[in-house]
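Secondary and tertiary structure notes
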Amino acid sequence: MIWLRRIALALAVLAGAMGLGWAMTPAGTGSALWVIVSLLAGREPLPFAPAVDQRRTEWTVEGRTRQGDIWLRQDGWERASLILVPGASKAGRDDSRLMLMARLLAETGFRVIVPELPGMEKLHVLPDHPRAIADAVRVATDRIDPAARQVGIGAVSYSLVPSIRAALEPDIAADVQGIFALGGFYDAEAVIRFFTTGAYRGPLDESWQFQPPNAGGIWVFLDANLDRLSDPADRGLLGIMAQRRLTDPSAPLDDLAAGLGPEGRALFGLIRNDDPDAVGEFIAALPAPLREAIAALSLADLDLSGLSASVTLVHSRHDGTVPYTESESLIEALPPGQGHLVLLDDLSHADIGSLSVKDAFSLWGAALRLMQFRQDAG
C-alpha cells in the first residue's frame, strides 16, 4: 500500500534527523513526525489518526459577525489555537490543500480556526481582512482551554500580508505568539516585477537575479483586478487578453491593445514591460484604485519593530510565483532573531500537497518549531 511506502520514507527522514540531533529537542518530535508522514501519505487520514470534526460556524466580535470553520479533535484534546488563513484560491476555506492542513493540525492538538475572508478568492486583499483575522484571534482567546492559551496564525501566500497586519492590531498584538507562513511575500512591487520580468533580488543583493516566472501569474493578477478599472471597454479587452494568455502563453494581443483607453494602456504597459528598473514608474502610472490595491498587498511600508510574534517562513528556492527572496526580505525587516526561514527545493509555491521526500527532510525543522510552539502552551 502506498501509505506504507510513505511511512517508510518518513521514518528515513526521522533517522536522518536523529543523526543531526534534531530529534533531541525537548518536545514535539512525535507530532512533527506525524505531520511529515501525513503530508507524504496524501489526502486521506493515516491509520489510527484521531477523529477530527470540522464545524461550520459564525462568531460576533463587537458587533461584527464573521463566518468560518473550527477544526477540533473529537476527544476535545487541544494544546493551542491556530488561526489558519486561506490564501488566494477560488475555493476559499474549502480549498483541499487548506483543509488537509487544518485536519493535520487538529490531529496534533491544535484548535484550528479558519476565518472566511470574502474577496480573497479573487486575489483581493481588502481593508477589513486584517480585522477579520484579528477577530478570529479574539475568538481563540475567549474560547480556548485556559490551560492552553497559545495562539498562532498560519498563512498561505497572499494571506501573509493581512495576517501580519492583524498581528499588529493593538487589541490582539500581545495574544499572537507565533506566525507560520508558506510562500508569502514582503513587497508587492517586487512580486509584480518578478511576474513581468523574471527579475528578483534579496535584501543584500546589488544586482538582479533572473528566473522564469509562472507564465500565468501576471494574467491571473490582471484578471483579478479588472474591476478596479473605471472603463468597461478596457475591462472587457484586458479580460479577453487574460483568457487568451492563460489558455495559450503565446497568443497574440496587439489586435486588442489597439482599442485600449488610458487606464487600460497604463495597465497593459506594466504587463508588457521587461525592464526591472522601470516597474515602479509603471505602477505609479496606474489608476488610483489599482495602486491602492497593490499597496494593500505589501508589508514594505510597515514598521515591524512592534511585532511581538515569532515568525517562521517556509519557501521554495524555485518558486515560480513568489521568489524566495521575498521571505528573506521579510526576515530582514523583523527585529533580530525574531524570524526563521526554511528553504525547500521542489515545492510548487504554496501547494504543500506536492511535498517531496527531499523537501520533507528540510521541512522537519519547521514542523518541530510549530510543535514546540504548541507544546509551550501546556
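Residues numbered from 1 in each chain as written. Predicted model: local features only at pLDDT ≥ 70, side-chain atom pairs only at ≥ 80, totals over all residues. Heavy atoms only, no water.

Examining the side chain of Arg193
Applied cut-off: Secondary structure counts use DSSP, requiring at least four H or I residues in a row for a helix and at least two E residues in a row for a strand, with both numbered from the N terminus. Note on contacts: a residue pair qualifies if any of its non-hydrogen atoms lie within 4.5 Å across the two residues.
Considering the arrangement of structural elements, one finds Arg193 in helix H6 (residues 188-197). Apart from residues lying up to four places away in sequence, Arg193 is in contact with Gly198, Ala199, Trp208, Pro276 and Val279.

Looking at the sheet that holds strand S2 (residues 64-73)
Counted only if it meets this: Should DSSP find at least two bridges between two strands, the strands are regarded as paired. Axis definition: a line fitted to C-alpha atoms, limited for helices to the stretch in contact. Angles are taken between N-to-C directions and run from 0 to 180 degrees.
Taken in spatial order, the eight strands line up as S1-S2-S4-S3-S5-S6-S9-S10 in an open sheet, and their pairing is mixed. Of all strands in the sheet, those bounded by a partner on one side alone are strand S1 (52-61) and strand S10 (339-344). Taken over all neighbouring pairs, the strand axes of this sheet differ in orientation by 20° on average, direction set aside. Note that strand S5 (residues 151-156) and strand S6 (residues 178-182) share five bridges and pair parallel. The residue bridging Val156 from the neighbouring strand is Leu182, located in S6. Each of S1, S2, strand S3 (80-85) and strand S4 (110-115) is contacted by helix H3 (residues 96-107), which is oriented at about 60° to S2, the strand it contacts most.

A short note on the pairing of S6
For clarity, the threshold we go by: Categorising residues by exposure relies on relative accessible area from a 1.4 Å probe, with only protein chains included: less than 20% of the type maximum marks a residue as buried, more than 50% marks it as exposed, and the intermediate range marks it as partly exposed. Assignment of crossover handedness uses the view with strands pointing away from the viewer, where a clockwise path from the first strand over the helix to the second indicates a right-handed crossover.
Of all five residues in S6, five are buried; the element is thus mostly enclosed. Of the two faces of S6, the one holding Gly178, Phe180 and Leu182 and the one holding Ile179 and Ala181 are both buried throughout. For the segment spanning S5, helix H5 (residues 160-167) and S6, crossover handedness is right-handed. Where S6 meets strand S9 (residues 310-316), five bridges bridge the pair, whose relative direction is parallel.

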